[in-house]
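Remarks on the overall topology
Chain by chain, the residues:
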Amino acid sequence: ALKGKKVDYLPVSMGFDLAQGWAAGVRQMVLRNGGSFSIRDPNWSTSAGAQALTELITEKPNLIVVQNPDVTSYARLIRKAEKAGIYVVQINMRSSYSSDGFVGANFEKLGEEEADAVVRACGAGTSGKVAIVQGVQTAAASVYQINGVLRVLSKHPEIKVVSNQPANWDPSKARALTATVLQQNPDLCGLISFWDGMAIGSSAAIRQAGKTGKVYVVTNGGAAEMACNNLKNGNFEAYVAFDVRRQVIDLNDTIKILLQSKLKPGTIKVSLY
């Protein structure tokens, strides 16, 4: 069923571990089964991504794997792709429009686990002050993660959120933001960063302020070697991981099922968290 089929991949960027892991897994599966695989890399540009998706719709591959930069920008185009007879599977950051398939982390649950870790670390005997560094505020990973974080923190009045700002997945912005928060709150107890690739910027600011080990840093990601190293050296105190290899298995299974089903795109909506 995959022989001769064309699968295209549109990440937010190919410049980080998650996107590379998903691409490697899908490429291997598609090529092994006689299909073709190509990547369109918008390199963090939402407008370039929308243009690439528009071009893909006219080229009519059999299936598109897409990572949404936010919950709205690609929604109309994903619907258009399905109407054009193209299956669309969303990976990790979903759109407000549900396509044939979604595979990814449950960011609400992930946010709850991050908040639970901070509550344990910043309770009685501490300042209780916590900072939150979001990614792009309209991205699904931020929209749903902040829901989980605030749901838990709302039950703990001893925790005071002194900063809740976006750094747009940029470690340099996270570093500057965290440095400012530390100047205003030298007794900061904890920091929740919405992605490990961004958290390294916050950890650098904490280290520069001489606060490593004094500010409890919690973050998340696909458990790349970088994350493990930062746990070992004390830059991260706690880490919530989603397994990229298992996500690839779910992603490949979804692709294989859709291409074997002969169902009209848009007929079913499947989510594998």
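Note: the structure precedes this text.
Structure report, in brief. For clarity, every value in this text was computed on a predicted model and none was experimentally measured.

Cut-off values and rules
- Each chain has its residues counted from 1, running along the sequence as written.
- Given that this is a predicted model, residues contribute local features only at a pLDDT of at least 70 and side-chain atom pairs are listed and counted only at 80 or more, while totals for whole chains, interfaces and linings are drawn from all residues.
- Where side-chain values are given, they derive from all heavy atoms of the structure, hydrogens and water being excluded.
- The criterion for strand pairing is that DSSP finds at least two bridges linking the strands in question.
- Helix and strand assignments come from DSSP, with helices taken as H or I runs of at least 4 residues and strands as E runs of at least 2, each series counted from the N terminus.
- What counts as an axis is a line fitted to C-alpha atoms, over the stretch in contact for a helix, and the angles between N-to-C directions run from 0 to 180 degrees.
- Any two residues whose heavy atoms approach within 4.5 Å at even a single point are treated as in contact.
- Should an angle fall under 35 degrees it is called roughly parallel, over 145 degrees roughly antiparallel, and 65 to 115 degrees roughly perpendicular, with every other angle called oblique.
- Should the near helix be turned anticlockwise from the far one by less than a right angle, the crossing is left-handed, and should it be turned clockwise, the crossing is right-handed.
- Amino acids are sorted into nonpolar (Ala, Val, Leu, Ile, Met, Phe, Trp, Tyr, Cys and Pro), charged (Asp, Glu, Lys and Arg) and polar (every other residue, Gly among them).
- Grid points spaced at 1 Å over the protein atoms alone were grouped into cavities, where a 1.4 Å probe fits but cannot get out, and pockets, open sets with protein on both sides within 12 Å along at least five of seven lines, with lining residues defined by an atom within 4 Å of a point.
- Grid points are joined across faces, edges and corners, and a volume is the space filled by probe spheres set on the points.
- Only Phe, Tyr and Trp rings take part, Trp by its six-membered ring, and two of them pair if their centres are within 6.5 Å. Stacked means planes under 30 degrees apart, edge-to-face means over 60, and tilted covers everything else.
- Burial classes follow relative accessibility: with a 1.4 Å probe on protein chains only, a residue under 20% of its type's maximum area counts as buried, one over 50% as exposed, and anything between as partly exposed.

Moving on, we come to the sheet that holds strand β6 (residues 129-134). Strand pairing in a sheet relies on backbone hydrogen bonds. The paired strands run either parallel or antiparallel. One open sheet accounts for five strands, arranged β7-β6-β8-β9-β10; its pairing is parallel. A single partner strand is all that each edge strand has here, and the edge strands are β7 (160-166) and β10 (238-241). Here the strands of the sheet are splayed against their neighbours by 15 degrees on average, with no regard to which way each runs. Along the sheet, helix α7 (residues 196-208) makes contact with β6, β8 (190-193), β9 (216-221) and β10, crossing β9 at roughly 160 degrees.

Okay, the packing of helix α1 (residues 17-32) against helix α9 (residues 244-261) next. Axis angle and axis distance: for two packed helices, these are the angle between their axes and the distance between the axes, and together they describe the pair. Viewed as axis vectors pointing N to C, α1 and α9 meet at an angle of 45 degrees, and their least axial separation amounts to 9 Å. Classified by the angle between their axes, α1 and α9 sit oblique to one another. Here α1 and α9 pass one another in a crossing that is right-handed. When α1 is examined against α9, the residues Leu18, Gly21, Trp22, Gly25, Val26 and Met29 are found in contact with a partner set consisting of Val244, Gln247, Val248, Leu251, Asn252, Ile255 and Lys256. Looking at the contact of α1 with α9 residue by residue, the classes come out as eight nonpolar, four polar and one charged.

With respect to the helices, strands and loops of the structure, Gly125 is situated in the loop between α4 (107-121) and β6. For Gly125 and Lys5, which are 120 residues apart along the polypeptide, the C-alpha to C-alpha distance reads 60 Å.

Here the focus is empty space enclosed by the protein. Within the structure shown, the criterion is met by two cavities of 30 Å³ or more. Taken as a whole, the largest cavity holds about 150 Å³ of empty space. Lining the largest cavity are 15 residues, with Leu18, Gln67, Met93, Trp169 and Trp195 sitting closest to its centre. Its residues assigned to classes, the lining of the largest cavity shows twelve nonpolar, three polar and no charged. As a volume, the second largest cavity reaches approximately 30 Å³. Lining the second largest cavity are Ser203, Ile206, Lys211, Thr212, Gly213, Val215, Val217, Gly234 and Asn235. Here the lining of the second largest cavity is composed, by residue class, of three nonpolar, five polar and one charged.

Okay, the packing of aromatic side chains next. Counted under the stated rule, the structure contains eight aromatic pairs. Summarising the aromatic geometry, the rings of Tyr9 and Phe37 are spaced 6.3 Å apart at their centres and angled 25 degrees between planes, so their arrangement reads as stacked. Of this pair, Tyr9 sits in strand β1 (residues 6-10) while Phe37 sits in strand β2 (residues 36-39), and the two are 28 residues apart along the sequence. Phe37 gets classed as buried once you look at its relative accessible area, which sits at 15%. Arranged with centres 6.4 Å apart and planes meeting at 55 degrees, the rings of Trp44 and Trp195 form a pair that is tilted. Here Trp44, found in the loop between β2 and α2 (46-59), pairs with Trp195, found in the loop between β8 and α7; they are 151 residues apart in sequence, far enough to count as distant. Taking relative accessible area as the criterion, Trp44 reaches 41% and is therefore assigned partly exposed. For Trp195, a relative accessible area of 10% gives the class buried.

Turning our eyes to something else, we now look at the pairing of β8. Because side chains alternate across β8, one face comprises the buried residues Gly190 and Ile192, and the other comprises Leu191 and Ser193, equally buried. Direction of pairing for β6 relative to β8: parallel, over a ladder of four bridges. Within β8, the position partnered with Val130 by the bridge is Gly190. Pairing of β8 with β9, which is carried by three bridges, proceeds in the parallel orientation. Across the sheet, residue Ile192 finds its bridge partner in β9, namely Val218.

Considering only enclosed or pocket space, the largest pocket measures out at about 330 Å³ in volume. For the largest pocket, the lining is made up of 16 residues, of which Gly104, Ala105, Phe242, Asp243 and Tyr273 are closest to its centre. Per-class residue counts for the lining of the largest pocket are eight nonpolar, three polar and five charged.

Function cannot be inferred from these measures alone, as they are strictly geometric.
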